[in-house]
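Below, each chain spelled out in residue letters.
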Amino acid sequence: NANTWTVQTAHEAQGVADGDDRITDFIMLDANFDQAKQVADIEDLIAQDPDVLIVMPVTGTSADAGIEAAVAAGIPVIVHTGRTETQAFTVEIQGGAENFGRVMGDFLVDQLGGTGNIWVLRGLPSHPEDINRYAGLVQSLEGTDITITQEEHGNWVYDEGKRVCETFYLNDPNVDGIWSSGADMTRACVDVLKQFGADIPPLTGEGNNGYFGQWIEEGFPSISAEYSPAQAAAGVRAAVALLEGQELNKHYIYEPAGWDVAKAGEYYRDDLTANVWWPTELPEETLQELYGQ
């Protein structure tokens, strides 16, 4: 049985841990995207001699020293939702960030016929998911006549995304497509364009309930890249498997196709808030408790 585990992510992981009687102690720390805090958190946890450590890296290097120190001390390490430069971890579970960006980029290339001007809203600066999603976009644009005319980090949040899109529009409203690295920023851009009375060009999103509702209602051309928060739960299951002596691969990466509006409609729930991310493993009772309205 485990003595001390740490997870730095969403409700799915907490739900798995709380419901597993093989977990006798479960510690969850949140670095809040602060690299220095993540370094300190991992050092503190290693000092407690846990049975396994689960880490979501804040940047491509923020967890490297801690991962190497943990493994050297005989502590297996699960990494998910963010790549590292070190390969010392025991298992990694990734959502295919390049694929995420490429699914979006390929959609825009197809919609624009390989030519036109696009805006780009990126996530958190230096975060590995932002870097790798953007790399996927760059791959899609190679050999096309599509130009990125405006680009800025919106930090994956609605308010920043709205500020960025307002700035873009006031700088130059002429845009043929929008590549957004996160659905909260997509929602913000749609609201900004509606505020200015502008047409909504093809733009990209992901599995967010608020964005799905907007997409279904407004009918704009879009695609949803899949990036399940259940990677956190998969990390906990991988930790349990390791502690039970099961053999696992070192790398698990999923690269799903994008969703169209019909598939979005299968998931959209008007009885839940905009803050649900699909697909989820949360049971109905928990969904209602956390997101019911």
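Everything here concerns the structure above.
All residue numbers refer to position in the chain's written sequence, counted from 1. For this predicted model, a pLDDT threshold of at least 70 governs which residues receive local features, and a threshold of 80 or more governs which side-chain atom pairs are given and counted, while totals over whole chains, interfaces and linings are taken from all residues. With hydrogens and water excluded, all non-hydrogen atoms of the structure serve as input to the side-chain values.

Colleague: Help me out: how do you make sense of the pattern of salt bridges in this one?
Modeller: Two side chains carrying opposite charge are able to pair once their charged atoms lie near each other. Take a side-chain nitrogen of Lys or Arg and a carboxyl oxygen of Asp or Glu: if they are within 4 Å of each other, that pair is a salt bridge. Scanning the model with the defined rule gives 12 salt bridges in all. In this structure, Lys194 engages Glu218 in a salt bridge whose closest nitrogen and oxygen atoms are separated by 2.7 Å. Placement of Lys194 in helix α7 (residues 183-195) and of Glu218 in helix α8 (residues 209-218) is noted, with a sequence separation of 24 residues between them. Partly exposed residues are those whose accessible area sits between 20% and 50% of the maximum for their type, while under 20% is buried and over 50% is exposed, using a 1.4 Å probe and protein chains only. By relative accessible area, which is 43% here, Lys194 ends up partly exposed. You can call Glu218 partly exposed: its relative accessible area is 32%. Connected via shared salt-bridge partners are Arg122, Asp130 and Glu151. The helix and strand labels rest on DSSP assignments: H or I over at least four residues marks a helix, E over at least two residues marks a strand, and numbering proceeds from the N terminus.

Colleague: Is there a simple way to think about the side chain of Thr186 in this case?
Modeller: Inspection of the secondary structure puts Thr186 in helix α7. It only takes one pair of heavy atoms within 4.5 Å for two residues to be counted as in contact. Aside from chain neighbours lying at most four places away, what touches Thr186 is Ser180, Leu203, Thr204, Gly205, Tyr211 and Gln214.

Colleague: Would you explain helix α2 (residues 35-47) in this entry?
Modeller: One turn of an α-helix holds 3.6 residues; hence residues three or four places apart share an orientation. Helix span, expected: 1.5 Å multiplied by one less than the number of residues in the helix. For α2, spanning 13 residues, the distance from its first C-alpha to its last is 19 Å, which sits close to the expected 18 Å at 1.5 Å a residue. Regarding α2, the residues found buried are Gln38, Asp41, Ile42, Leu45 and Ile46. The buried residues of α2 occupy an angular sector of 130° when projected down its axis, which confines them to one face. Turned more than 90 degrees from where α2 packs its buried face, Ala36, Glu43 and Ala47 sit exposed. Throughout this description, a polar contact denotes any pair of N or O atoms lying within 3.5 Å of each other; where both atoms belong to protein, one of them has to be capable of donating a hydrogen while the other can accept it, and for residues adjacent in sequence the pair is counted only when both atoms sit in side chains. For α2, the capping residue at the N-terminal end is Asp34, with a side-chain oxygen 3.0 Å from the backbone nitrogen of Ala36. Arc definition: directions from the helix axis to the C-beta atoms.

Colleague: I tried to follow the environment of Asp172 on my own but got confused; where do I start?
Modeller: Take Asp172: it is sitting in the loop between α6 (158-171) and β8 (177-180). With 23 residues separating them in the primary sequence, Asp172 and Thr149 have C-alpha atoms 9.0 Å apart. Ignoring sequence-local partners within four residues, the contact set of Asp172 consists of Trp119 and Gln150. Side-chain polar atoms of Asp172 contact the backbone nitrogen of Asn174, separated by 3.1 Å.

Colleague: Looking at this structure, I do not really get the side chain of Ser222. What am I missing?
Modeller: The topology assignment puts Ser222 in strand β10 (residues 222-225). A relative accessible area of 9% places Ser222 in the buried class. Polar contacts involving the side chain of Ser222 include one to the side chain of Tyr211, which spans 2.6 Å. Apart from the residues within four sequence positions on either side, Ser222 is in contact with Phe107, Leu203, Thr204, Gly205, Tyr211 and Trp215.

Colleague: Where do I start with the state of the cysteines in this structure?
Modeller: What is meant by a disulfide is a covalent connection between two cysteines, made through their sulfur atoms. A pair of cysteine sulfur atoms is labelled a disulfide when the two atoms are within 2.5 Å. One pass over the full model with this rule turns up 1 disulfide. Linked covalently through their sulfurs, Cys165 and Cys189 form a disulfide whose S-S length is 1.6 Å. Note that Cys165 is positioned in helix α6 and Cys189 in helix α7, a separation of 24 residues in sequence. Look at Cys165 and you get buried, because its relative accessible area is 1%. Note on Cys189: relative accessible area 1%, which makes it buried.

Colleague: Looking at this structure, I do not really get helix α5 (residues 128-141). What am I missing?
Modeller: Under the 1.5 Å per step criterion, the end-to-end length of α5 is 20 Å for 14 residues, consistent within 8% with the ideal 20 Å. Most of α5 sits inside the fold, with 10 of its 14 residues counted as buried. Buried within α5 are the following residues: Pro128, Glu129, Asp130, Asn132, Arg133, Tyr134, Gly136, Leu137, Ser140 and Leu141. Positive backbone phi, at 80°, marks Gly143, one or two positions downstream of α5.

Colleague: Could you clarify how one ought to interpret the pairing of β10 in this entry?
Modeller: The side chains of a regular strand alternate, first on one face of the sheet and then on the other. Residues Ser222 and Ser224 line one face of β10 and the alternating positions Ile223 and Ala225 line the opposite face, and both faces are buried. Two strands pair under a simple rule: DSSP has to find at least two bridges between them. Pairing analysis gives 4 bridges linking strand β9 (residues 203-206) to β10, with the strands arranged parallel. Residue pairing in the sheet places Glu206 in a bridge with Ala225 of β10.

Colleague: Just checking my understanding: could you explain the packing of aromatic side chains for this structure?
Modeller: We describe a pair of aromatic rings using the distance from one ring centre to the other and the angle between the two ring planes. For Phe, Tyr and Trp, where Trp contributes only its six-membered ring, two rings pair if their centres lie within 6.5 Å, and the inter-plane angle classes them as stacked under 30 degrees, edge-to-face over 60, or tilted in between. In total, this model carries 10 aromatic pairs according to the counting rule given. Centre to centre, the rings of Tyr169 and Phe196 are 4.4 Å apart; their planes meet at 15°, and the pair counts as stacked. Of this pair, Tyr169 sits in helix α6 while Phe196 sits in the loop between α7 and β9, placing them 27 residues apart in sequence. Since its relative accessible area comes to 30%, Phe196 is described here as partly exposed. An angle of 45° between the planes, with centres 5.6 Å apart, marks the rings of Tyr211 and Phe212 as tilted. Each member of the pair Tyr211 and Phe212 is classed as buried. Three or more aromatic residues joined by ring pairs make a cluster, and in this case those are Tyr211, Phe212, Trp215, Trp259, Tyr267 and Trp278.

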